[in-house]
Amino acid sequence: MKLRLTPRQIEIFSAVATHLSYKQAAKKLHLTQPAVSMQVRQLEDLIGMPLFERLGRRIALTEAGQELLAYARRVSQLLEEAGDVLEGLQGGVRGHLALSVVTTANHFTT
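A brief look at the structure comes next. (Residues numbered from 1 in each chain as written. Predicted model: local features only at pLDDT ≥ 70, side-chain atom pairs only at ≥ 80, totals over all residues. Heavy atoms only, no water.)

1. Description of the overall build of the chain
Point 1. Assigned secondary structure in the chain consists of five helices and two strands.
Point 2. In the chain, the order of α-helices and β-strands from amino to carboxyl end is α-α-α-β-β-α-α.
Point 3. For the chain, the residues scored as buried account for 25% of the 110 residues in total.
Point 4. Of the roughly 8,800 Å² of accessible surface on the chain, a fraction of 56% belongs to carbon and sulfur atoms. (Helix = DSSP H or I, 4+ residues; strand = E, 2+ residues; numbered from the N terminus. Buried < 20%, exposed > 50% of the residue type's maximum accessible area, 1.4 Å probe, protein only. Areas by Shrake-Rupley, 256 points an atom, 1.4 Å probe, with all protein chains shown as cover.)

As C-alpha coordinates, then:
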(Lines give C-alpha, C1' and ligand atoms only; values in the text may rest on other atoms or scores of the structure.)
Protein backbone atom coordinates (compact mmCIF):
# COMPACT_ATOMS: atom_id res chain seq x y z
CA MET A 1 0.00 0.00 0.00
CA LYS A 2 1.44 3.32 -1.04
CA LEU A 3 0.20 6.11 1.23
CA ARG A 4 0.13 9.65 -0.04
CA LEU A 5 -0.23 11.57 3.17
CA THR A 6 0.39 15.28 3.40
CA PRO A 7 2.35 16.85 6.27
CA ARG A 8 -0.88 18.65 7.24
CA GLN A 9 -2.81 15.37 7.49
CA ILE A 10 -0.04 13.96 9.67
CA GLU A 11 -0.14 17.06 11.87
CA ILE A 12 -3.93 16.90 12.29
CA PHE A 13 -3.96 13.17 12.97
CA SER A 14 -1.12 13.53 15.50
CA ALA A 15 -2.93 16.32 17.34
CA VAL A 16 -6.14 14.30 17.63
CA ALA A 17 -4.20 11.18 18.65
CA THR A 18 -2.16 13.06 21.26
CA HIS A 19 -5.13 14.82 22.85
CA LEU A 20 -7.67 12.06 22.13
CA SER A 21 -10.03 14.90 21.39
CA TYR A 22 -11.16 16.49 18.15
CA LYS A 23 -12.09 19.65 20.04
CA GLN A 24 -8.69 20.10 21.70
CA ALA A 25 -6.87 19.26 18.46
CA ALA A 26 -8.95 21.85 16.60
CA LYS A 27 -8.17 24.46 19.23
CA LYS A 28 -4.43 23.71 19.11
CA LEU A 29 -4.37 23.85 15.31
CA HIS A 30 -6.66 26.92 15.04
CA LEU A 31 -9.19 24.96 13.00
CA THR A 32 -12.86 24.17 13.44
CA GLN A 33 -13.82 20.85 14.93
CA PRO A 34 -15.71 19.82 11.76
CA ALA A 35 -12.59 20.55 9.67
CA VAL A 36 -10.49 18.30 11.90
CA SER A 37 -13.14 15.56 11.82
CA MET A 38 -13.32 15.77 8.03
CA GLN A 39 -9.53 15.47 7.66
CA VAL A 40 -9.44 12.41 9.93
CA ARG A 41 -12.35 10.85 8.06
CA GLN A 42 -10.56 11.43 4.72
CA LEU A 43 -7.41 9.88 6.16
CA GLU A 44 -9.37 6.85 7.35
CA ASP A 45 -10.91 6.53 3.88
CA LEU A 46 -7.47 6.73 2.29
CA ILE A 47 -6.08 4.05 4.61
CA GLY A 48 -9.21 1.93 4.44
CA MET A 49 -9.59 1.37 8.15
CA PRO A 50 -10.56 3.36 11.24
CA LEU A 51 -7.86 5.14 13.22
CA PHE A 52 -10.06 5.91 16.21
CA GLU A 53 -12.76 4.06 18.08
CA ARG A 54 -15.67 6.22 19.07
CA LEU A 55 -16.75 5.45 22.63
CA GLY A 56 -19.68 7.77 23.13
CA ARG A 57 -18.13 11.21 23.46
CA ARG A 58 -14.63 9.79 23.94
CA ILE A 59 -12.24 8.37 21.39
CA ALA A 60 -9.38 5.89 21.56
CA LEU A 61 -6.75 4.88 19.02
CA THR A 62 -7.30 1.65 17.15
CA GLU A 63 -4.34 -0.63 16.48
CA ALA A 64 -3.96 1.03 13.07
CA GLY A 65 -4.08 4.44 14.76
CA GLN A 66 -1.34 3.45 17.21
CA GLU A 67 0.87 2.25 14.36
CA LEU A 68 0.26 5.37 12.28
CA LEU A 69 0.98 7.61 15.29
CA ALA A 70 4.41 6.02 15.76
CA TYR A 71 5.24 6.70 12.10
CA ALA A 72 3.72 10.18 12.22
CA ARG A 73 6.00 11.11 15.12
CA ARG A 74 9.04 9.83 13.24
CA VAL A 75 8.06 11.71 10.08
CA SER A 76 7.49 14.91 12.06
CA GLN A 77 10.88 14.55 13.73
CA LEU A 78 12.60 13.99 10.38
CA LEU A 79 10.90 17.03 8.84
CA GLU A 80 11.99 19.14 11.80
CA GLU A 81 15.59 17.91 11.45
CA ALA A 82 15.53 18.63 7.71
CA GLY A 83 14.30 22.15 8.43
CA ASP A 84 17.12 22.69 10.91
CA VAL A 85 19.74 21.49 8.41
CA LEU A 86 18.33 23.63 5.61
CA GLU A 87 18.18 26.64 7.91
CA GLY A 88 21.85 26.10 8.74
CA LEU A 89 22.69 25.96 5.04
CA GLN A 90 20.89 29.25 4.43
CA GLY A 91 23.09 30.95 7.00
CA GLY A 92 26.17 29.71 5.19
CA VAL A 93 27.76 28.58 8.42
CA ARG A 94 28.04 24.84 8.73
CA GLY A 95 30.76 22.34 9.50
CA HIS A 96 33.50 21.87 12.04
CA LEU A 97 36.00 24.37 13.31
CA ALA A 98 39.28 23.39 14.89
CA LEU A 99 41.23 25.98 16.87
CA SER A 100 44.71 25.87 18.28
CA VAL A 101 46.31 28.43 20.52
CA VAL A 102 49.97 29.36 20.46
CA THR A 103 51.26 31.31 23.39
CA THR A 104 54.09 33.80 22.98
CA ALA A 105 54.39 34.59 26.65
CA ASN A 106 57.52 32.40 27.05
CA HIS A 107 59.36 34.34 24.27
CA PHE A 108 58.89 37.70 25.98
CA THR A 109 59.60 36.65 29.57
CA THR A 110 63.03 34.99 29.02
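2. With respect to the pairing of strand E1 (residues 52-55)
Point 1. Bridge count for E1 against strand E2 (residues 58-61) is four bridges, and the pairing is antiparallel. The residue bridging Phe-52 from the neighbouring strand is Leu-61, located in E2.
Point 2. The turn joining E1 and E2, which pair antiparallel and follow one another in sequence, is formed by two residues; a positive phi near 70° is taken by Gly-56. (Pairing = 2+ DSSP bridges.)

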